[in-house]
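# Overview (structure and organization)
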Amino acid sequence: MSGLEIAGRRFESRLIIGTGGFRSLAAMAEAIAASGAELATVALRRVAPDAQGSVLDLVREAGCQVLPNTAGCFTAHDAVTTARLAREALGTDWIKLEVIGDDRTLLPDAAELLDAAATLVEEGFTVLPYTSDDPVLAARLEDAGCAAVMPLGSPIGSGMGIGNPYNLRLILERAGVPVILDAGIGTASDAAIAMELGCAGILLASAISRAEDPARMARAMRLAVEAGRLAHDAGRIPRRLYAEASTPLEGVPELS
Amino acid sequence: MLRIVLNGESRELAAGATVEQAVAATGAPLPHTGLAVAVDGEVVPRGEWERTPLAEGQRVEVLQAVQGGAR
């Protein structure tokens, strides 16, 4: 089973982990280790001098590449500026691009997202956009030069799983870049389904960080992503309305 | 004196203060790695902090990586 390749970089793990929502930095570090993830998202916020420990050190100690995001941005302008700041602070031109259009659903603002993506690609960023499950928008983001597309399964933190698997299939059929399911995963089976549908990877945070036992859920997600990918590659049987016996009917004895 | 808005709070720095001094004023521990600065919404690259003077009323944001996704 080959790994996940994004913009020419290879990762053994197909699971990308978000660092938000953990009860403590120690819980986060334990969960990252259990998840096997090699990419971890971080946000940029005003410095808090009294902050206990550095999220960066822990992420890097866990063997993860840091993937900054533009969480909290509502306009292309703010997202682009945040990406530039992240490049400056973290020395990476990879950016998980989020441009939120609505406070309650946290759904992406398609127009602002596409605008920001085009600007950042132009500036040499490797852009990984969090997008809605709209196949046309996904195609437009790819055409704009994004290194992957990251459609949501359902709203961020909702744990509602994959709301529209048919749209996801349409995105997957056309995409020439990795499709990474981002947001909505609630439990391991959601991740497995996304991988079975053909996603190249999964990005999740809350499902692990807000679970009762984050490290245990991290391991569950790791296994689910692996299992789903294996099942996808193995080729599932078609769905049938009626039974199809796996035991031959020839040679059945007459017993009455 | 020079009055600026540092991470959302009004602050007084010595006249002629630079971006570097604004970063120090946040109390961010040394060395100042993993930080980024925007002055009035424009990124000031690390290498220019010491030679970039601030002007009265400017908004200075000093940011670092934190845990987080959506918000």
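Residues numbered from 1 in each chain as written. Chains lettered and ligands numbered in written order. Predicted model: local features only at pLDDT ≥ 70, side-chain atom pairs only at ≥ 80, totals over all residues.

### A closer look at the overall build of chain A
Of the regular secondary structure elements, chain A holds nine helices and 10 strands. Each principal axis of the C-alpha atoms in chain A carries an extent, and together these give about 85 × 40 × 35 Å. When the 256 residues of chain A are sorted by exposure, 50% land in the buried category. Across chain A, the fraction of contacts at a sequence separation of at least 24, relative to all contacts at a separation of at least 6, is 63%. (Helix = DSSP H or I, 4+ residues; strand = E, 2+ residues; numbered from the N terminus. Buried ≥ 20, exposed ≤ 12 C-beta atoms within 10 Å, placed from the backbone. Contact = placed C-beta atoms within 7 Å.)

### With respect to unusual backbone geometry
In the Ramachandran plot, Leu106(A) falls in the positive-phi region, its phi being about 55° despite a non-glycine side chain. Looking at the secondary structure, you find Leu106(A) in the loop between strand E6 (94-97) and helix H4 (110-122). Its identity is not glycine, yet Asn7(B) carries a phi of approximately 45°, on the positive side. Within the element layout of this structure, Asn7(B) appears in the loop between strand E1 (2-6) and strand E2 (9-13). Exposure remark for Asn7(B): the 17 C-beta atoms within 10 Å place this residue in the partly exposed category.

### Considering the interface of chain A and chain B
If you look at the interface, chain A gives 30 residues, while chain B gives 24 residues. Those elements that place two or more of their residues in the side of chain A that touches chain B are strand E4 (39-46), helix H2 (55-61), strand E5 (65-68) and helix H3 (76-90) of chain A. Taken together, the residues of the side of chain A that touches chain B break down into 18 nonpolar, eight polar and four charged. Here five bridges tie E4(A) to strand E5 (residues 59-67) of chain B, and the two strands are oriented antiparallel to one another. Paired with Ala43(A) across the strands is Val66(B), a residue of E5(B). (Nonpolar A, V, L, I, M, F, W, Y, C, P; charged D, E, K, R; others polar. Pairing = 2+ DSSP bridges.)

### Some words on the confidence of the model for chain B
Detailed reading of the predicted model is not advised wherever pLDDT is low. The predicted model of chain B averages 89 in pLDDT, with 96% of residues at 70 or higher. Confidence estimates for the predicted assembly give a pTM of 0.89 and an ipTM of 0.90. (pLDDT = per-residue confidence, 0-100.)

### Regarding the sheet that holds strand E7 (residues 126-131) of chain A
The strand order across the open sheet formed by three strands is E6-E7-E8 (chain A), and the pairing between neighbours is parallel. In this open sheet, the two strands that pair with only one neighbour each are E6 and strand E8 (150-151) of chain A.

### Re helix H1 (residues 25-35) of chain A
Within the sequence span of H1(A), burial applies to Met28(A), Ala29(A), Ala31(A), Ile32(A), Ala34(A) and Ser35(A). Buried residues along H1(A) sit in contact with strand E3 (15-18), E4, H2, helix H8 (206-209) and helix H9 (214-234) of chain A together with E5 of chain B. Backbone geometry just after H1(A) places Gly36(A) at a positive phi near 75°.

### A short note on the environment of Leu15(A)
Residue and element names in this part refer to chain A. Considering the arrangement of structural elements, one finds Leu15 in strand E3. A count of 26 C-beta atoms within 10 Å places Leu15 in the buried class. For the pair Leu15 and Ile208, spaced 193 residues apart in sequence, the C-alpha to C-alpha distance is 12 Å. Apart from the residues lying within four places of it in its own chain, the contact partners of Leu15 are Ser35, Gly36, Ala37, Gly201, Ile202, Met221, Arg222 and Val225.

### Topic: the environment of Val225(A)
All names here are of chain A. In this fold, Val225 is placed in helix H9. Classification of Val225 by C-beta neighbours within 10 Å gives buried; the count is 29. When the C-alpha atoms of Val225 and Cys199 are compared, they prove to be 9.8 Å apart, with 26 residues separating the residues in sequence. Discounting chain neighbours no more than four positions away, the residues touching Val225 are Arg14, Leu15, Ala191, Met195 and Ile202.

### Focus: the packing of helix H7 (residues 188-197) of chain A against H9(A)
How two helices sit against one another is set out by the angle between their axes and by the gap between those axes. All names here are of chain A. Between H7 and H9, the shortest axis-to-axis distance is 7 Å and the interhelical angle comes to 30°. When the interaxial angle is binned, H7 and H9 end up roughly parallel. Regarding H7 and H9, the two cross each other, and that crossing is right-handed. Facing Ala188, Ser189, Ala191, Ala192, Ile193, Ala194, Met195 and Glu196 of H7, the residues of H9 in contact are Ala220, Met221, Ala224, Val225, Ala227, Gly228, Arg229, Ala231 and His232. In terms of residue class, the contact of H7 with H9 is built from 12 nonpolar, three polar and two charged. (Axes fitted to C-alpha atoms, helices over the stretch in contact; angles between N-to-C directions. Parallel < 35°, antiparallel > 145°, perpendicular 65-115°, else oblique. Left-handed = near helix turned anticlockwise from the far one by under 90°.)

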